[in-house]
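A closer look at the structure
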Amino acid sequence: GMGCYLKNGILYAVMNEVDEDPKSNPLSVLLIFDLSDNQLICSYEIRGNNGRNHFNHVVVDNHGVAYISNTLKSNIIYVDTRNKHDSLKILIAHKDLGWVHGLDLNEDGSMLFTTSYQGGIRFFDLRKGAFTTYRDTTLAGDDGLKYFQGFLYGVGQNSIRRYSLDKALTKVTGRNVILEDHEYFNDPRCLHVEDSVLYCLANIEFDPVTFGESKKTKRNRAGR
């Protein structure tokens with residue numbers, strides 16, 4: 001099991017069979033549950049080809065279209081969940097989606113935000129079917145990504161950051177660290193915003209993880 005998304009009492013969850021044998025064809029699946037009775041509504045499946053897929057994060061627009069980051073294939077998958085007979089398809093495959101993780105949508109579902117370890121934050125205009133021209137690989141490193149009231153929030157490398165955006169939602173105009181190296185942090189990943197409260201999966205590791213010298217360490221050393 002990997003990412004999940006809750007909307008209007010419906011839970012969308014992605015899962016993967018893990019088999020690294022290049023000759024295997026493991027499944028990756030989007031499952032949809034009705035939380036009023038905990039029953040499975042439907043599922044959508046694909047098999048890996050020349051290596052497995054890795055469905056990671058999922059977001060769903062107001063019309064039921066689900067978008068899924070496929071980390072090992074550098075692409076975004078989509079499906080219309082209102083149609084049980086629809087199938088999982090590739091929205092876009094791109095080098096800047098190398099090790100893609102978090103993704104989210106703006107309020108009207110016209111802009112898809114993605115973050116990847118190789119390409120950083122990119123803006124995919126769903127009306128035009130293309131990325132905007134903005135590109136800044138120095139923004140790479142986040143895992144989770146959430147849009148809220150005109151800002152993007154990212155988490156990764158023991159930090160939560162807020163990214164300011166232009167009014168057209170086509171580029172990042174500024175960034176600042178909200179929280180770094182909190183005592184509970186050990187490789188924090190997923191983010192969620194609910195009622196103006198930001199939630200974070202604070203640690204995913206059993207053993208301590210380091211990300212080089214943190215800004216906090218540098219400040220403390222400079223002050224000595």
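Each value, and the rule that gives it
- Residues numbered from 1 in each chain as written.
- Predicted model: local features only at pLDDT ≥ 70, side-chain atom pairs only at ≥ 80, totals over all residues.
- Heavy atoms only, no water.
- Pairing = 2+ DSSP bridges.
- Helix = DSSP H or I, 4+ residues; strand = E, 2+ residues; numbered from the N terminus.
- Axes fitted to C-alpha atoms, helices over the stretch in contact; angles between N-to-C directions.
- Buried < 20%, exposed > 50% of the residue type's maximum accessible area, 1.4 Å probe, protein only.
- Contact = heavy atoms within 4.5 Å.
- 1 Å grid on protein atoms, 1.4 Å probe; cavity = no way out; pocket = protein on both sides within 12 Å on 5 of 7 lines; lining within 4 Å.
- Points joined across faces, edges and corners; volume = space filled by probe spheres on them.
- Nonpolar A, V, L, I, M, F, W, Y, C, P; charged D, E, K, R; others polar.
- Core = buried A, V, L, I, M, F, W, Y, C linked by side-chain atoms within 4.5 Å.
- Patch = residues over 30% accessible without salt bridge, like charges linked within 9 Å, V, L, I, M, F, W, Y side chains within 5 Å.
- Areas by Shrake-Rupley, 256 points an atom, 1.4 Å probe, with all protein chains shown as cover.
- Salt bridge = Lys/Arg side-chain N within 4 Å of Asp/Glu carboxyl O.
- Lys, Arg positive; Asp, Glu negative; His and termini not counted.
- Charge placed at Lys NZ, Arg CZ, Asp CG, Glu CD.

**A closer look at the sheet that holds strand 2 (residues 10-16)**
Strand order in this open sheet of four strands is 1-2-3-4, and the pairing throughout is antiparallel. With partners counted over all chains shown, the strands left at the sheet margins are strand 1 (4-7) and strand 4 (39-47), one partner each. Each strand axis lies, on average, 15° off the axis of its neighbour in the sheet, ignoring direction. Inspection of the sheet shows strand 3 (residues 27-34) paired to strand 4 by eight bridges, in the antiparallel sense.

**A closer look at the environment of Phe124**
The residue Phe124 is located in strand 11 (residues 120-125) in this model. Judged by relative accessible area, which is 2%, Phe124 ranks as buried. Placed 13 residues apart in sequence, Phe124 and Met111 show a C-alpha to C-alpha distance of 5.8 Å. Once residues lying within four places of it in the same chain are set aside, the contact partners of Phe124 are Leu91, Ile92, Ser110, Met111, Leu112, Gly129, Ala130 and Phe131.

**What to know about the layout of surface pockets**
Take a probe with the size of a water molecule and roll it over the atoms, and the empty space left behind shows itself. Computed from the structure, the largest pocket encloses a volume of approximately 790 Å³. For the largest pocket, the lining is made up of 32 residues, of which Tyr5, Asp104, Lys146, His192 and Val193 are closest to its centre. At the level of secondary structure, the elements contributing two or more residues to the lining of the largest pocket comprise strand 1, strand 5 (55-60), strand 9 (100-105), strand 13 (144-148) and strand 17 (191-194). In terms of residue count, strand 13 provides more of the lining of the largest pocket than any other element does, five residues in total. A per-class count over the lining of the largest pocket returns 16 nonpolar, eight polar and eight charged.

**Here we look at the sheet that holds strand 16 (residues 172-180)**
Strand order in the open sheet made by the four strands is 13-14-15-16, with antiparallel pairing throughout. Since the sheet does not close on itself, it has two edges, and those belong to strand 13 and strand 16, each with one partner. Looking at each pair of strands side by side, their axes are set apart by 20° on average, direction ignored. Where strand 13 meets strand 14 (residues 151-156), five bridges bridge the pair, whose relative direction is antiparallel. Bridge pairing links Phe148 to Phe151 in strand 14.

**With respect to the nonpolar core**
One recurring pattern in soluble globular proteins: nonpolar side chains tend to sit buried together. In terms of nonpolar packing, the biggest core is built from 29 residues, with Leu30, Tyr67, Ile68, Ile76, Leu88 and Leu112 touching the most fellow members. Listed by contribution, the elements that provide at least two residues to this core are strand 2, strand 3, strand 4, strand 5, strand 6 (65-70), strand 7 (75-80) and strand 9. Judged by nonpolar contacts, the second largest core, of 13 residues, contains Tyr134, Leu145, Tyr163 and Leu169.

**Notes on the pairing of strand 1**
Of the two faces of strand 1, only the one carrying Tyr5 and Lys7 is buried; Cys4 and Leu6 on the other face are not. By the bridge criterion, four bridges tie strand 1 to strand 2 in an arrangement that is antiparallel. Across the sheet, residue Leu6 finds its bridge partner in strand 2, namely Leu11. Between the end of strand 1 and the start of strand 2, which pair antiparallel, lie two residues, with Asn8 showing a positive phi angle near 55°.

**Quick notes on a negative patch on the surface**
On the surface, Glu17, Asp19, Asp21 and Glu45 cluster together into a negatively charged patch. Topologically, Glu17 is positioned in the loop between strand 2 and strand 3.

Take it as geometry only, folks, not as evidence of what the structure does.
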